[in-house]
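# Analysis of the macromolecular model
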Amino acid sequence: PPPPSPPFYGLAAFKVETPINAEQAYELCSGTHSGTLAEITSDTQTKEILSALKELGAGSLAGAWIGGYKAAEDSGFRWRIEAPSRGAVGAYIPPSELADPAAFTKWANNEPANGTAPQRDVVTNSQCTTSRCVKVDASTGEWSAKDCLSEYALYYVCSGVAPPPSPPPSPP
């Protein structure tokens, strides 16, 4: 893979040549980079992520996968700390209208759709049978809920990524 953006706050942004879904981004974070998809907890982190995505060439219409996740049967989003198949999820992410002032969220207007209710398809109004993942807009930093398997992005943001090793010292 190409080199990441410089690490910031334990986070790093990456770009791939072919668009990937959120599950593929998760696998790259946990396998290749020994981290996980990022949990964003402040405006400062959001600004750093947007700067890193811009450095990687993300245009105004680009998005990047981050670690928000909601299983189809769940009523709310959580930060993902391990693969959902292992049952490990982190802190609850409240919808904008229910957010505790102490909890950082950056949902776009009308996101996540139906707040804490099980996700519904906007066209058919039937309950979604797929998991939803969170994508951050590369120009605004706002979050939106997307299908984890059928939505794609060229960028993703990992946390817990170690900086690259320092080059060996030059011989005297």
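## Some words on the overall build of the chain
Helix and strand content of the chain: two helices and eight strands. Listed N to C, the secondary structure of the chain is β-α-β-α-β-β-β-β-β-β in terms of helices and strands. Sorting the 172 residues of the chain into buried and exposed places 44% on the buried side. Contacts spanning at least 24 positions in sequence make up 68% of the contacts within the chain whose residues lie at least 6 apart.

## Points about the pattern of salt bridges
Should the charged atoms of two oppositely charged side chains come close, the side chains can pair. This model, assessed by the stated rule, comprises two salt bridges. Measuring nitrogen to oxygen at the nearest pair gives 3.8 Å for the salt bridge that ties Asp43 to Lys106. With Asp43 in helix H2 (residues 43-55) and Lys106 in the loop between strand E5 (89-93) and strand E6 (132-137), this pair connects stretches of sequence that are 63 residues apart. As a salt-bridge pair, Lys135 and Glu151 come within 3.0 Å of each other at their nearest N and O atoms. Note that Lys135 is positioned in strand E6 and Glu151 in the loop between strand E7 (143-147) and strand E8 (153-159), a separation of 16 residues in sequence. The class of Lys135 is buried, set by a relative accessible area of 9%. Judged by relative accessible area, Glu151 falls into the partly exposed class, the value being 27%.

## Notes on the confidence of the model for the chain
Regions with low pLDDT should not have their predicted coordinates read in detail. Across the chain, the average pLDDT comes to 76, with 67% of residues at or above 70. In the model of the chain, E5 stands out as the element of lowest mean pLDDT, 55, in contrast to E8, which has the highest, 92. Here residues 83-89 is a poorly scored stretch, pLDDT under 50, and it has eight contacts once near neighbours within four places are set aside; other chains count. Contacts for the low-pLDDT stretch residues 114-126, under 50 throughout, to residues beyond four places or in other chains number 28 contacts.

## Points about the state of the cysteines
One pass over the full model with this rule turns up two disulfides. The disulfide partner of Cys29 is Cys158, and the S-S distance across this bridge is 1.9 Å. What sets the handedness of the Cys29 and Cys158 disulfide is the S-S torsion sign, and at about -85° it is left-handed. In this pair, Cys29 sits in helix H1 (residues 22-32) while Cys158 sits in strand E8, placing the two residues 129 residues apart along the sequence. An identical accessibility class is assigned to Cys29 and Cys158; each is buried. Here the bonded cysteines of the chain are numbered in sequence order, and their pairing is 1-4, 2-3.

## Notes on the side chain of Ser159
Following the sequence through the fold, Ser159 ends up in strand E8. For Ser159, the residues in contact, after removing those within four places along its chain, are Gly10, Leu11, Gly35, Thr36, Leu37, Ala38 and Glu39.

## Examining H2
Look at H2: 18 Å from first C-alpha to last across 13 residues, which is about the 18 Å you get at 1.5 Å a residue. If you follow the buried residues of H2, they end up packed against strand E1 (11-20), strand E3 (63-70), E6 and E8. For H2, the side-chain oxygen to backbone nitrogen distance between the N-cap and Thr44 is 3.4 Å, and the N-cap itself is Ser42. The positive-phi residue at the C-terminal boundary of H2 is Gly57, with phi of around 95°.

## Some details on the environment of Glu27
Looking at the element boundaries, Glu27 is found in helix H1. Spatially, the C-alpha atom of Glu27 lies 9.0 Å from that of Leu37, the residues being ten residues apart in sequence.

## Digging into the environment of Tyr156
Topologically, Tyr156 is positioned in strand E8. Between the alpha carbons of Tyr156 and Trp65 there is a distance of 4.5 Å; along the sequence they are 91 residues apart. A polar contact of 2.9 Å, which involves the side chain of Tyr156, links it to the side chain of His33.

What counts, and at which threshold
- Here the residue index of a chain counts from 1 through its sequence in written order.
- It should be noted that, the model being predicted, local features are given only for residues of pLDDT at least 70 and side-chain atom pairs only at 80 or more, the latter also being counted only at that level, while totals for whole chains, interfaces and linings use all residues.
- Think of the side-chain values as coming from all heavy atoms in the structure, minus any hydrogens and water.
- Counting from the N terminus, the helices are the DSSP runs of H or I reaching at least four residues and the strands are the DSSP runs of E reaching at least two.
- Residue exposure (1.4 Å probe, protein chains only): buried if accessible area is under 20% of the type maximum, exposed if over 50%, otherwise partly exposed.
- The contact rule is simple, with two residues in contact once any of their heavy atoms fall within 4.5 Å.
- Within this document, salt bridges are pairs made up of a side-chain nitrogen of Lys or Arg and a carboxyl oxygen of Asp or Glu, the two lying within 4 Å of each other.
- Each residue carries a pLDDT value, the predictor's own confidence for that position, ranging from 0 to 100.
- The definition used for a disulfide is geometric: two cysteine sulfur atoms within 2.5 Å.
- Under the convention used throughout, the expected extent of a helix is 1.5 Å for every residue step, that is, one less than its residue count.
- N or O atoms within 3.5 Å of each other form a polar contact, as long as, within protein, one can give a hydrogen and the other can take it, and as long as residues adjacent in sequence are counted only when both atoms are side-chain atoms.

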